[in-house]
Amino acid sequence: MTSRPIKAPGLILHFAIWFVLMGICYWHTQSAFLRAESGWYEFISHSDQRQHFLTYLLTYSYHGHYTPLAFAAEFELTRLVGPQEPFWKWRQITVLALLATTISVFVSRLARVSRVSVVPAEALGGGIAALFVFQPRMTEFVAWPFMVMQLGWIVLTVGALAALVQITGEAERPRWIWVAAACAYGSMHATGLGLATVGATGVAFLLLRGADYTKSRPVIRRQLIIALTVMIVLAAIHGACMCWLPNADLPVARNHGLAIKPVLGFAWMFLVSVFRSLIGANPLAADSVKLVSSQWLFGAAFLIASAFVVIRSIRIIRHSSRAEQRVALLLHLFSILAFIGVLGLIIVRQLSDGSANQSGFLMGPRYLVPISFTLLGSIVSLALSAARRVRPWVITVLLIGVGITAYAVNQQYAARDLSTVDPRSTISHAKAWGLLVATAREARAAGLSVPNVPMDALTMEFYGWDLKLFEPLLSSELRLPPHEKIAFASWDVFATGIPQEYAASVPSLRPLMKLLNLEPGHVR
């Protein structure tokens, strides 16, 4: 890319527009700040185990995710912010706006370099960014604060790709080499998927180092090798920590066998699932996992085609004198390598971890949404190729239509489908926590024990949690003196209905039970 860099006012304007659009889109999204790890951090960060837990975050791995800096930062932020729903939701929206800005600016500038006029170029950037950030299941990433890790990986991976494109088209500036290396290695501090980003970036470095067009630029070649070496060494040390540090979870049975057909079938179905997630199609049915082995021919064809494209792209990039052609092929190459890298990590996880669930990888938004961004390079390359061949107004109308359609599908999913897919995700954690605190306050004021309310509807993936577990956070909310204990009443007391003394003195309990679907008769 050789266009002039966009100036700060332009970046601020782009970000402001996307921030407003993200705010409008996700305005009604409920923040699930008590869900799973986010809830875990909430009660631990207010307990006397805080310092011990920080050490735990720094010295343990989590199924291949060793991200001590990100975990510790999120933990400390949770301690400072607490259960403040507006902060968590708008923090996620801000990061998502940053991601949309990065994609739209990157794509529109690349389009301008490819001789696409201003309006179609902006439409191209905006439409592609909208396709990704408005995909329906992105709602979960706004709702669940802990998903900021995955969003961070996406931002850094897109940053690495954008920097590689800069190197490919503008080899006189070695600073982009270090930007790409920093983004790639930095992505490992967001999630273990960063290994795939490092791998794709490393292959691109080697390819650019051996390309004909860099032979007359010894400084660039030297910087590529130095940056590659530094990145690989740091990534290797980080990877060793992932593998050899104690695992934070209990040991599980391991699957040591490698069955080729299920692996190939999973590769194909995973690609289909990622693409379906991106375009807002319904997720695969739960029993579709049974079909994995039968899809092995499609998986084999996909991997063979990918290998062919990679080899062909490497040969052309090395010897091409046209920057435009090199950029187009590099975009495809990065997408394929990143996707295959992620796929490999997931397969290794399945083979080494008996708790890994194939249906989770094929249907879970936390897997499908981040990995859909590995397709960005190929989609951008195809869109640019189309934009150079059709009239400007056609591409403008088409991409504006893509953006509007993506937004409409997102809103329909939030309004109609989300409550069916997972009704718990529509519960307001702010309202629920407010009622929990009010219930505790009212019970204590009446001289009653606090109902030990089951929290499964809020903690979701972390089952068997109750209000007593959140006692440190509850004590903080009630502003109790240090070390004062709260007396809890077993939930079995409420199995046949709310006792008279609670019905009269704890009016918040009934709406709380209704909100969490804990009607009389529910026994933990």
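What comes next is a walk through the structure. Model, not experiment: these values are computed from the prediction.

A separate point is the overall build of the protein chain. When helices and strands are tallied, the protein chain shows 23 helices and 2 strands. Whereas a compact globule of 524 residues would reach a radius of gyration of roughly 24 Å, the protein chain reaches 25 Å, a difference of no more than 12%. The principal-axis extents of the C-alpha atoms in the protein chain amount to approximately 85 × 50 × 45 Å. Counting every position in the protein chain, which comprises 524 residues, the buried fraction comes to 52%. Summarising the internal contacts of the protein chain: among those between residues at least 6 apart in sequence, 78% fall at separations of at least 24. Total accessible area computed for the protein chain in this model is approximately 23,200 Å², and 65% of it derives from carbon and sulfur atoms. One way to put it: in the protein chain the 43 positive side-chain charges average out to a point 16 Å from where the 27 negative ones average out.

Glancing now at the packing of helix H5 (residues 85-113) against helix H17 (residues 376-387). Remark: H5 packs on H17, axes separated minimally by 11 Å, with the N-to-C direction vectors making an angle of 35 degrees. Once H5 is placed against H17, the crossing between them reads as right-handed. Every residue of H17 that contacts H5 at Ile103, Val107, Leu110 and Ala111 is listed here: Leu376, Val380 and Leu384.

Okay, the nonpolar core next. In terms of nonpolar packing, the biggest core is built from 162 residues, with Ile128, Phe205, Phe270 and Trp433 touching the most fellow members. At 14 residues, helix H14 (residues 323-352) tops the list of elements feeding residues into this core. The contact partners of Ile128, leaving out residues within four places of it in the chain, are Ile103, Val107, Leu376, Val380, Ala383 and Leu399.

A word on the side chain of Ser273. You can see Ser273 is positioned in helix H12 (residues 260-279). Within the structure, Ser273 has its side chain in polar contact with the backbone oxygen of Leu362 (distance 3.2 Å). Those residues in contact with Ser273 that lie beyond four places of it in its chain are Leu284, Leu362 and Leu368.

The next subject is empty space enclosed by the protein. Gaps between atoms show up when a probe of the same size as a water molecule is rolled over them. Evaluated as defined, the whole model comprises 3 cavities of 30 Å³ or more. Estimates place the volume of the largest cavity at around 60 Å³. In terms of lining, the largest cavity is formed by Thr157, Val158, Leu161, Phe334, Ser335, Ala338, Phe373, Thr374, Leu376 and Gly377. Of all the secondary-structure elements, those providing two or more residues to the lining of the largest cavity are helix H8 (148-169), H14 and H17.

Turning our attention to H17. The first and last C-alpha atoms of H17 sit 16 Å apart over 12 residues, in line with the 16 Å expected at 1.5 Å per residue. Of the positions making up H17, those classed as buried are Leu376, Gly377, Ser378, Val380, Ser381, Ala383, Leu384 and Ala387.

Okay, the environment of Ser313 next. If you trace the backbone, Ser313 turns up in helix H13 (residues 296-319). Ser313 sits 13 residues away from Arg326 along the chain, and the two C-alpha atoms are 8.4 Å apart.

A word on the environment of Tyr62. Within the element layout of this structure, Tyr62 appears in the loop between helix H3 (50-59) and helix H4 (68-81). A relative accessible area of 11% places Tyr62 in the buried class.

Let's shift gears to the pattern of salt bridges. Applying the stated criterion to the full structure yields 11 salt bridges. For Asp212, the salt bridge goes to Lys215, with nearest N and O atoms at 3.2 Å. Three or more residues joined by partner-sharing salt bridges are found here, namely Arg35, Glu140, Arg366 and Glu461.

With that settled, the discussion passes to unusual backbone geometry. One non-glycine residue, Arg115, adopts positive backbone phi at about 70 degrees. Within the secondary structure layout, Arg115 lies in the loop between H5 and helix H6 (118-133). A relative accessible area of 65% means that Arg115 is categorised as exposed.

Turn by turn, an α-helix covers 3.6 residues, leaving residues three or four places apart pointing in a common direction. All buried positions along H3 are accounted for by Phe53, Leu54, Tyr56 and Leu57. Down the axis of H3, the sector holding all buried residues measures 155 degrees, keeping them to one side. Residues of H3 that are exposed and point more than 90 degrees away from the buried face comprise Gln51 and His52.

Right, let's get into the packing of aromatic side chains. Summed over all chains, the structure comprises 32 aromatic pairs. An angle of 80 degrees between the planes, with centres 5.2 Å apart, marks the rings of Phe87 and Trp88 as edge-to-face. The side chain of Arg35 reaches across the aromatic face of Trp144, ending 4.0 Å from its centre.

Reading the values: rules and limits
Residues numbered from 1 in each chain as written. Predicted model: local features only at pLDDT ≥ 70, side-chain atom pairs only at ≥ 80, totals over all residues. Heavy atoms only, no water. Helix = DSSP H or I, 4+ residues; strand = E, 2+ residues; numbered from the N terminus. Rg over C-alpha atoms; globule rule 2.2 N^0.38 Å. Buried < 20%, exposed > 50% of the residue type's maximum accessible area, 1.4 Å probe, protein only. Contact = heavy atoms within 4.5 Å. Areas by Shrake-Rupley, 256 points an atom, 1.4 Å probe, with all protein chains shown as cover. Lys, Arg positive; Asp, Glu negative; His and termini not counted. Charge placed at Lys NZ, Arg CZ, Asp CG, Glu CD. Axes fitted to C-alpha atoms, helices over the stretch in contact; angles between N-to-C directions. Left-handed = near helix turned anticlockwise from the far one by under 90°. Core = buried A, V, L, I, M, F, W, Y, C linked by side-chain atoms within 4.5 Å. Polar contact = N/O pair within 3.5 Å; in protein donor to acceptor, adjacent residues only side chain to side chain. 1 Å grid on protein atoms, 1.4 Å probe; cavity = no way out; pocket = protein on both sides within 12 Å on 5 of 7 lines; lining within 4 Å. Points joined across faces, edges and corners; volume = space filled by probe spheres on them. Expected span 1.5 Å × (residues − 1). Salt bridge = Lys/Arg side-chain N within 4 Å of Asp/Glu carboxyl O. Arc of directions from axis to C-beta. Phe/Tyr/Trp six-rings, centres within 6.5 Å; stacked < 30°, edge-to-face > 60°. Lys NZ or Arg CZ within 6 Å of the ring centre and 35° of its normal.

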